[in-house]
Amino acid sequence: MRELVEREIDEGRLGQHLPRGRGARRSVMVNLAESPLGWLRAHGHVDARQFEAGERLRADYETAALGARVTMRWDAARAERRRGPGAALDPTLAQIAAKRRFDGAITAAGPGLADVLWRVVCAGEGLGVAEKGLGWPARAGKLVLGFALDRLADHYGLK
């Protein structure tokens, strides 16, 4: 899905400040539906195996509802539950199962790689922001994220 929005930028590519008030403003089109991992995949920085591993981790993160909530949940409570082999997993049980899968995947990635996985894949930070937040030098994030996604793909048994 594409959700394009035009955003104004005040700085040029090399960081020089563009003068305000003289009509020298620039804008870019941004796809709000595209994740940083999706962008890396689209530009050839992440292969299909790494992308699939990252998407599995993100899906478990979202299913487990590990992100911060700003407001109260207004979901309607289910009045009836089906039992038996065709029944869907109870939402609470699905959330618990996703949390266990997420914890297992993060543990498999290891303490040095879990940070960048969480920031880029789950929190949706760009590589530059994640590098700054972790105190890493510029361009180190892509390499470390690649290692983390490879380890995650091994954990999931992806080929």
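(A) Here's a closer look at the overall build of the chain. For the chain, the helix and strand inventory stands at six helices and two strands. The order of helices and strands in the chain, counted from the N terminus, is β-β-α-α-α-α-α-α. Taken over 159 residues, the chain has a buried fraction of 28%. Look at the contacts in the chain between residues 6 or more apart in sequence, and 60% of them connect residues 24 or more apart. Accessible area of the chain: about 11,200 Å², with a carbon and sulfur share of 53%.

(B) Examining helix α6 (residues 140-156) more closely. Compared with an ideal rise of 1.5 Å per residue, which puts 17 residues at 24 Å, α6 spans 25 Å between its outermost C-alpha atoms and is within 8% of the ideal. Of the residues making up α6, those classed as buried are G141, V144, L145, G146, A148, L149, L152, A153 and Y156. On its buried side, α6 packs onto α1 (36-42), α2 (48-63), α3 (91-109), α4 (111-122) and α5 (127-134). Phi turns positive, to about 75°, at G157, one or two residues after α6.

(C) Broad picture of unusual backbone geometry. Positioned with a positive phi, R139 is a non-glycine residue whose angle comes to about 70°. Taking the relative accessible area as the measure of exposure, R139 reaches 71% and is therefore exposed.

(D) How the structure looks around the side chain of E55. Relative to the assigned elements, E55 resides in helix α2. A polar contact of 2.5 Å, which involves the side chain of E55, links it to the side chain of R58. Beyond its immediate sequence surroundings of up to four residues, E55 is in contact with S35 and L37.

(E) Looking closely at the layout of surface pockets. Roughly 640 Å³ of volume is contained in the largest pocket. Lining the largest pocket are 16 residues, and of these W39, G126, L127, G128 and V129 sit closest to its centre. Of all the elements in the fold, those that place two or more residues in the lining of the largest pocket are β2 (26-31), α1 and α5. The leading source of residues in the lining of the largest pocket is α5, at five residues.

(F) How the structure looks around the nonpolar core. The biggest cluster of nonpolar side chains holds 27 residues, and the ones touching the most others in it are L57, L117, V121, L145, L149, L152 and Y156. Those elements giving two or more residues to this core turn out to be α1, α2, α3, α4, α5 and α6. Once residues lying within four places of it in the same chain are set aside, the contact partners of V121 are L37, G54, L57, R58, V116 and L149.

(G) The packing of α3 against α6, seen in detail. It is at 9 Å that the axes of α3 and α6 come closest, and there the two elements cross at 125°. Here α6 runs oblique to α3, going by the angle between their axes. Considering how the two elements wind past one another, α3 and α6 form a crossing that is right-handed. Mapping the contact onto sequence places G104, A105, A108 and A109 in α3 and R151, L152, H155 and Y156 in α6.

(H) Geometry of the side chain of E131. Its place among the elements puts E131 in helix α5. Buried charge E131 goes without a salt bridge, the closest partner of opposite sign being R139 at 7.1 Å. One polar contact links the side chain of E131 to the main-chain amide nitrogen of R139, over a distance of 3.1 Å. Setting aside its immediate chain neighbours within four residues, E131 contacts W136, P137, A138, R139, A140, G141 and K142.

The rules behind each value
Numbering of residues starts from 1 in each chain and follows the order in which that chain's sequence is written. Residues qualify for local features only when their pLDDT is at least 70, as the model is predicted, and side-chain atom pairs are given and counted only at 80 or more; totals for whole chains, interfaces and linings, by contrast, use all residues. Working from all heavy atoms in the structure, the side-chain values ignore hydrogens and water. By the criteria applied, helices consist of DSSP H or I runs no shorter than four residues and strands consist of E runs no shorter than two, each listed in order from the N terminus. Accessibility here uses a 1.4 Å probe with only protein chains present; expressed as a share of the type maximum, an area under 20% marks a residue as buried, one over 50% as exposed, and anything in between as partly exposed. Whether two residues are in contact is decided by their heavy atoms, any of which lying within 4.5 Å being enough. Each accessible area value is a Shrake-Rupley result obtained with a 1.4 Å probe; residue values ignore everything except the protein chains displayed when judging cover. Multiplying 1.5 Å by the helix residue count minus one yields the expected span of that helix. Whenever a nitrogen or oxygen atom comes within 3.5 Å of another N or O atom, the pair is scored as a polar contact, on the condition that within protein one atom can donate a hydrogen and the other can accept it, and that pairs from neighbouring residues in sequence are kept only if both atoms are in side chains. Every definition here rests on a 1 Å grid over the protein atoms only: cavities are sets of points where a 1.4 Å probe fits but cannot get out, pockets are open sets enclosed by protein on both sides within 12 Å along at least five of seven lines, and lining residues have some atom within 4 Å of a point. Grid points are joined across faces, edges and corners, and a volume is the space filled by probe spheres set on the points. Joining through side-chain atoms within 4.5 Å is the link that ties buried Ala, Val, Leu, Ile, Met, Phe, Trp, Tyr and Cys residues into a set, and such a set is a nonpolar core. The angle between two axes is taken between their N-to-C directions and runs from 0 to 180 degrees, where each axis is a line fitted to C-alpha atoms and a helix contributes only its stretch in contact. Comment on the angle field: the value is read as roughly parallel under 35 degrees, roughly antiparallel over 145, roughly perpendicular from 65 to 115, and oblique elsewhere. For any pair of crossing helices, the crossing counts as left-handed if the nearer helix is rotated counterclockwise from the farther one by less than a right angle, and right-handed if it is rotated clockwise. By the counting scheme adopted, Arg and Lys are positive, Glu and Asp are negative, and His together with the chain ends is not counted. Within this document, salt bridges are pairs made up of a side-chain nitrogen of Lys or Arg and a carboxyl oxygen of Asp or Glu, the two lying within 4 Å of each other.

Honestly, it's all geometry; don't read function into it.
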